[in-house]
Amino acid sequence: MKIFILLLSLSLLATAEKSAFIDIKKSDNLTELRTGDTTYRKANQSVTLIGAIHIGDAAYYENLNESFKHYDVVLFELIGGETLKGRQPKKAAAAPGADPQFAVITGLYSGYAKSLELSTQTEKIDYTAPNFVHADMSMDDYHRLSKEKNQSLFGFALAQSAKLGQQDMSGYLNALLTGNANGQKREVARTMLLAGSPDSDTIESVVITDRNSVCFQKLNEQLNAGVLNIGIFYGAAHFQDMHVRLSKMG
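A quick note: this is a predicted structure, and the numbers were derived from the prediction, not measured. Numbering of residues starts from 1 in every chain and runs along the sequence as written. Local features are withheld for residues below a pLDDT of 70 in this predicted model, meaning they are given only at 70 or higher, and side-chain atom pairs are given and counted only at 80 or more; totals for whole chains, interfaces and linings count all residues. Each side-chain value is derived from all of the structure's non-hydrogen atoms; neither hydrogens nor water enter the calculation.

A. Highlighting the pattern of salt bridges. Any Lys or Arg side-chain nitrogen found within 4 Å of a carboxyl oxygen on Asp or Glu counts as a salt bridge. Under the defined criterion, the tally for this structure stands at six salt bridges. A salt bridge links Lys69 to Glu66; its shortest N-O distance comes to 3.2 Å. Partly exposed describes any residue whose relative accessible area lies between the buried limit of under 20% and the exposed limit of over 50%, with all areas from a 1.4 Å probe on protein chains only and scaled to the type maximum. Assessed through its relative accessible area of 60%, Lys69 is described here as exposed. Taking the shortest distance from any N to any O, the salt bridge between Glu148 and Arg144 comes out at 3.3 Å. Placement of both Glu148 and Arg144 in helix α6 (residues 139-148) is noted, with a separation of four residues, approximately one turn of the helix. The exposure class of Glu148 is exposed, given its relative accessible area of 55%. Its relative accessible area of 43% is what places Arg144 among the partly exposed residues. Via salt bridges that share partners, Glu77, Asp136 and Arg211 belong to a single interconnected network. Helix and strand labels come from DSSP, where a helix needs a run of H or I of at least four residues and a strand needs a run of E of at least two; each type is numbered from the N terminus.

Now the structure itself:
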């Protein structure tokens, strides 16, 4: 039995109180962790939130790369991503003078993905696409703001782990001990679903809210420049806050 992590384009109303940006669909022989494309329109301009997960099947990222071609501009998340300058994250991280923290971020999921026979976002997404525009914090700004607010990516991950740890981990441990990669994928999908549906405390953080503010500065620049069709490629956990922001913009 293969477990596929796929992209599903969901037709959602921007006026809805809540939008399902990430979910799990199960059948007898298939478990799908699905991220949504949600489009918001005003006059002749549109903004689509394109949900991302950081590890998945190679086909998932191939589908995303193909879908990006349909947007005039794609605003993408990656702390320190302004240093890419037409390169893939792995090459930028290995360049002389690159911030070592950037290498840590870009390589964070590689080992985990390999153990699950999956691929990573930073390896498979084409960040050299001509319509890609960086819309995230620089590494310096992220470190500065994290220090000011006494927050860190590591601390954020620990807090998330504590919340996720409340779920039953017996299924994952059994799959891990028996070498059942597909069983591990099913359990990881559950964890990703919870991580992609953050509570209010998680949303109000440097990792989500402050980075979203940077993204929306870039979004407003593109809207004011008259760009008609804009995609925002960000982790699904960012979208509850983005939904509120877009709704307030009309």
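B. Representation of the packing of aromatic side chains. Note on aromatic pairs: the rings of Phe, Tyr and Trp (six-membered ring only in Trp) are paired at centre separations within 6.5 Å, and the planes decide the class, stacked below 30 degrees, edge-to-face beyond 60, tilted for the rest. In this structure the tally under the stated criterion is seven aromatic pairs. Considering the side-chain rings of Phe76 and Tyr127, the 5.3 Å spacing of their centres and the 65° angle between planes classify their relative orientation as edge-to-face. Here Phe76 is found in strand β7 (residues 73-76), whereas its partner Tyr127 is found in the loop between α5 (121-124) and β9 (132-134), with 51 residues between them in sequence. For the pair formed by Phe76 and Tyr127, the shared burial category is buried. In textbook terms, an aromatic cluster arises when at least three aromatic residues are bridged by ring pairs, as seen for Phe68, Phe76, Tyr127, Phe132 and Phe233. Criterion for a charge above a ring: Lys NZ or Arg CZ within 6 Å of the ring centre, and within 35 degrees of the ring normal. Over the aromatic face of Phe216 sits the side chain of Arg245, whose NZ or CZ is 5.6 Å from the ring centroid.

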